[in-house]
Amino acid sequence: MKTRKFIPLLLLLPLSSCSWWPFGKKDNNKTKPELVIANVDVTNLSVNLPTIPTYNTGSIRSDETYEYIDMYELSDFHGAVSYETESSKTNIGLKKLATYLNNKRALNEGGTLVLSSGDMFQGSADSNLTRGYMVNYCMNYMGFDAMAVGNHEFDWSEEWLKNNAELKYNTTSVPFLGANIVKKSQSKMPDYLKKSTIVERGDYKIGIIGVIGSRLEKSILKTLIEDFDFVSYGDIVSQEAARLKNEDGCNAVILLAHDQADLLETFTGVDAAFGGHAHNDYPDAYPNNTRTLATANYGTSVAHISLKFDKTTKACAGVENYNIDKFTSAVASLEDNAGISQIIGQYDPEINKVKNIKLGTCDGDLKRDKALKNLSNEAMYKSAVSAVKNSDSGVDSSKIIGAFTNTNGGIRSDISKGEITYGDVYKCFPFDNEVILIKEKGSYFKDHLYTLKELSCYRVFEDKSYFKDDEDYYLVTTDYLATSDQFKKFNSYTDEDLIRTGKVARDEIAKLIYDIDNVKVSQYDTTDLPYKQIPMMF
């Protein structure tokens, strides 16, 4: 992925009376200005940071026997900056999250920790356009004590992972933890990450270890992590926990794992653990009095564990209580935090220039597993056809047979009935995936047409009889899928068989909606050709 500096603008350039447009025209008597989408120059945007409040200066909650440390954790926030509520879930948003956490701190003024198990930034126009800086600044202001690195922290390249890990809020920063992340070229963990960090509350030292699931390399665009290895973390955690307690004198050790909570092992010396990645609330217990929790996604819940410590020996005596606080529309009554509002407000003018641009309307809900997947595949197909027609790639556009994507993870949300903005499209397609073509012989397609349910397709052929064995054909998808080992291992193509278009899938989908103007859901909510599922291995 290329890392670019962007200027905050959106240009509408008029086309000539019969100007070329890859998706056709709705009305031949009208010309529509071309949609050119740019981004926010986050590196040159000056932000006046409010003073961080002083946290954890009061007394630690206690009774006659024990003192208590309360830990609040959320993961997979995915840049859910704004408060939103629907019938089934409520995203608390940053402004109200800060108030919520302050209210919790007031219950234990000297003994509260705020933690994250990763995937905090990637996922919304607000966060993506600022490459995580806005959310990162807000986390610093809210007093986050540590964060495990998640797979989506790699989505904007190592440069931006490093930028966020080293981002200073005046003189402070949130520690980014990745004890099992190895940089292959250096045979060690990157210098900008830490295995662990120590937080002090009163007389107590709390060690915090952070790891990422070793299998999650498959959840990242391959080209972004070629120099990284996520190694098995069982021994790493046990050894680091022992070091924190025996050498650094920690009274307790907490594990932050960007991994499914039900896959976490019981590690010697770990007193509580928080998982992530699965996007599910997970309360469960492991032996030896270790408590493991995980929260769902987009700020819909916060996990809470309270550890108790013997007042005399200062030893951790286990878990006092635990819970998952699932948010409802009742959090609307929480006041917007003034400091967080000040940070976000400085970014809003530049972000809104991009995300609030109107693309069109739809007469019903575009569901991600129905109409929206069909529309997105059509957009990628037409984008690829246009790209090769206007290039010297040598690809015969008539041999492009279709386009496919994965709806499970590739499309993150629905688009509601009514006006459609670029921000709406961004929420559904937050990744900067490139439109790419895969070349295969006709004989291969004929032999590999069977179903994989997670994929959807736009196609121009009816059945196997369309293909001639010795001729080249092209299938369109995203670079994430095309370069993924999970897909390549089932197919015969090599990297030399991939033709890059330089087009971002999200922007091509936005352009199609913009050109259609008034999207009719019934046109796309169908399984008939050309939106008929390809029963194939891809």
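Reading the values: rules and limits
Throughout this document, residue positions are counted from 1 along each chain, in the order its sequence is written. Residue-level local features of this predicted model are given only where pLDDT is at least 70; pairs of side-chain atoms are given and counted only at 80 or more, and the full residue set underlies all totals for whole chains, interfaces and linings. Side-chain numbers here rest on the full set of heavy atoms in the structure, without hydrogens or water. The helix and strand labels rest on DSSP assignments: H or I over at least four residues marks a helix, E over at least two residues marks a strand, and numbering proceeds from the N terminus. Note on classification: 1.4 Å probe, protein chains only; a residue is buried when its accessible area is under 20% of the maximum for its type, exposed when over 50%, partly exposed between these limits. Only heavy atoms enter the contact rule, under which two residues are in contact if any of them lie within 4.5 Å. Only the protein chains shown count as covering a residue, and every accessible area follows the Shrake-Rupley method with a 1.4 Å probe. When DSSP finds two or more bridges between a pair of strands, those strands are recorded as paired. Geometry of aromatic contacts follows a simple scheme: Phe, Tyr and Trp rings, the Trp one being its six-membered ring, pair when their centres are within 6.5 Å, and the pair is stacked under 30 degrees between planes, edge-to-face over 60, tilted otherwise. Geometrically, a lysine NZ or arginine CZ counts as sitting over a ring once it is within 6 Å of the ring centre and also within 35 degrees of the ring normal. Salt bridges are defined as contacts in which a side-chain nitrogen from Lys or Arg sits within 4 Å of a carboxyl oxygen from Asp or Glu.

**With respect to the overall build of the chain**
A tally of regular secondary structure across the chain gives 14 helices and 26 strands. Out of the 538 residues in the chain, the part that is buried amounts to 57%. The contacts of the chain with a sequence gap of at least 6 include a subset with a gap of at least 24, amounting to 77%. Accessible surface for the chain amounts to roughly 22300 Å². Of this, 45% is attributable to carbon and sulfur atoms.

**Looking at the pairing of strand 6 (residues 112-116)**
Among the five residues of strand 6, five are classified as buried, and the element is accordingly described as predominantly covered. Burial along strand 6 is two-sided: T112, V114 and S116 facing one way and L113 and L115 facing the other are all buried. The sheet contact formed by strand 3 (residues 66-74) and strand 6 spans five bridges and is parallel. Paired with L74 across the strands is S116, a residue of strand 6. Bridging between strand 6 and strand 7 (residues 146-148) involves two bridges; their strand directions are parallel. Directly across from S116, in strand 7, lies its bridge partner M147.

**Notes on the packing of aromatic side chains**
A complete count under the given rule lists 19 aromatic pairs for this structure. For the pair F154 and F228, a centre-to-centre distance of 5.2 Å together with 75° between the ring planes defines the contact as edge-to-face. Separated by 74 residues along the polypeptide, F154 in the loop between strand 7 and helix 4 (158-165) and F228 in strand 12 (residues 228-230) bring together distant segments of the chain. There is no split in this pair, since F154 and F228 are both buried. Note on Y422 and Y426: the rings are 5.6 Å apart at their centroids and 85° apart in plane angle, and the pair reads as edge-to-face. You can see Y422 and its partner Y426 sitting in helix 9 (residues 422-428), four residues apart, about one turn around the helix. Of the two residues, Y422 and Y426, both sit in the buried class. Through a chain of ring-to-ring contacts, three or more aromatic side chains come together here, namely F445, F461, Y466, F467 and Y473. The residue whose ring lies beneath K96 is Y83, and the NZ or CZ to ring-centre distance is 5.7 Å.

**A short note on the pattern of salt bridges**
This structure, assessed with the given rule, holds 29 salt bridges. The salt bridge partner of D281 is K326, with a shortest N-O separation of 3.9 Å. Of this pair, D281 sits in the loop between strand 14 (272-275) and strand 15 (282-286) while K326 sits in strand 18 (residues 316-326); the two residues are 45 residues apart in sequence, bridging distant segments of the chain. With relative accessibility at 24%, the residue D281 sits in the partly exposed group.

**Comments concerning the environment of E240**
Considering the arrangement of structural elements, one finds E240 in helix 5 (residues 234-246). Residue classification places E240 among the buried positions, given a relative accessible area of 7%. When the C-alpha atoms of E240 and V253 are compared, they prove to be 9.3 Å apart, with 13 residues separating the residues in sequence. The residues contacting E240, other than those within four sequence positions of it, are K195, S196 and I209.

**Structural notes on the sheet that holds strand 18**
Backbone-to-backbone hydrogen bonds join strands into a sheet, with any given pair of strands oriented parallel or antiparallel. In space, the six strands of this open sheet follow the order 8-7-6-3-17-18, with mixed pairing throughout. The strands lining the two open edges of the sheet, one partner per strand, are strand 8 (176-177) and strand 18.

**Brief notes about the environment of A317**
Within the secondary structure layout, A317 lies in strand 18. Here A317 falls in the partly exposed class, since its relative accessible area comes to 31%. It is 9.9 Å that separates the C-alpha atoms of A317 and E67, two residues lying 250 residues apart in sequence.

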